[in-house]
Amino acid sequence: MEPLTEHDIRTSFVNCSKGEAKRLGLPKDFADLPWDDLDFLGWRDPGAPERAYLVAPRNGRLLGISLRVTSSSSRGFTSRSMCSVCLTTRTAGGVALMTARRTGDAGRQGNSVGQYLCGDLDCSLYVRGKKESVAGGGLSESLTLDEKLARVQANLDAFIEKVVR
């Protein structure tokens, strides 16, 4: 992913107001993000942990989505969940249901869509092996890294499509 500016990020959001986009908290480590290893930028708001944001290149432009993290009771360290984007298995709340208000009339009527995502939204780093889940090495697969990255992109595109249609 190409490095983004604060302006790029704030103007990319499609499912929140301009005021909300202006007030959102950027990632704490924004200046040091590993852009070459990111397929999309995702983070939890440092000032409001129940909010998360995802910015991805799509059809030649940036598209930002505001997310709400559904609070859930902790199921314990031995319970595992899987991210639906990167298919990383995580324990102890490492995967969270995140909901996004849909765009257009559907969003104005209060409709939203949800997806189970890595709680830290670091899917790109898990797939590349730059970050490892506490639950272990993940699935044993014969896919190449390029094939895994294509799968992440396809899964992310499917979620984004549900938000914007």
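What comes next is a walk through the structure. As the structure is a computational prediction, the values presented were derived from the model and not from experiment. (Residues numbered from 1 in each chain as written. Predicted model: local features only at pLDDT ≥ 70, side-chain atom pairs only at ≥ 80, totals over all residues. Heavy atoms only, no water.)

**Thoughts on the pairing of strand β3 (residues 61-69)**
Working step 1: When strand β2 (residues 48-58) meets β3, the two strands line up antiparallel, connected through eight bridges. Among the inter-strand pairings, Tyr53 is bridged to a residue of β3, identified as Ser66.
Working step 2: Between β2 and the antiparallel strand that follows it, β3, lie two residues; Asn59 among them carries a positive phi value of about 55 degrees.
Working step 3: Alignment of β3 against strand β6 (residues 95-101), held across two bridges, turns out to be antiparallel. When the bridges of β6 are listed, Val69 appears paired with Met98. (Pairing = 2+ DSSP bridges. Helix = DSSP H or I, 4+ residues; strand = E, 2+ residues; numbered from the N terminus.)

**A word on the environment of Arg44**
Working step 1: Along the polypeptide, Arg44 turns up in strand β1 (residues 41-45).
Working step 2: Distance from Arg44 to Leu67, taken between C-alpha atoms, is 9.0 Å for residues 23 residues apart in sequence.
Working step 3: Setting aside anything within four residues of it in sequence, one finds Arg44 in contact with Pro49, Arg51, Ala52, Val69, Met98 and Gly119.
Working step 4: A polar side-chain atom of Arg44 sits 2.9 Å from the main-chain carbonyl oxygen of Pro49.
Working step 5: Polar contacts involving the side chain of Arg44 include one to the main-chain carbonyl oxygen of Gly119, which spans 3.0 Å. (Contact = heavy atoms within 4.5 Å. Polar contact = N/O pair within 3.5 Å; in protein donor to acceptor, adjacent residues only side chain to side chain.)

**So, the sheet that holds β6**
Working step 1: The five strands lie next to each other as β1-β2-β3-β6-β7, forming an open sheet whose pairing is antiparallel. Looking at which strands have only one partner, the edges of the open sheet turn out to be β1 and β7 (112-118). Here the strands of the sheet are splayed against their neighbours by 30 degrees on average, with no regard to which way each runs.
Working step 2: The strands touched by helix α5 (residues 145-164) within the sheet are β2, β3, β6 and β7, with β2 carrying the most contacts at an inclination of about 105 degrees. (Axes fitted to C-alpha atoms, helices over the stretch in contact; angles between N-to-C directions.)

**Focus on the pattern of salt bridges**
Working step 1: The final tally for this structure, using the stated rule, is 11 salt bridges.
Working step 2: The shortest N-O distance in the salt bridge between Glu20 and Arg101 comes to 3.7 Å. Placement of Glu20 in helix α2 (residues 18-23) and of Arg101 in strand β6 is noted, with a sequence separation of 81 residues between them.
Working step 3: A relative accessible area of 28% places Glu20 in the partly exposed class.
Working step 4: Note on Arg101: relative accessible area 38%, which makes it partly exposed. (Salt bridge = Lys/Arg side-chain N within 4 Å of Asp/Glu carboxyl O. Buried < 20%, exposed > 50% of the residue type's maximum accessible area, 1.4 Å probe, protein only.)

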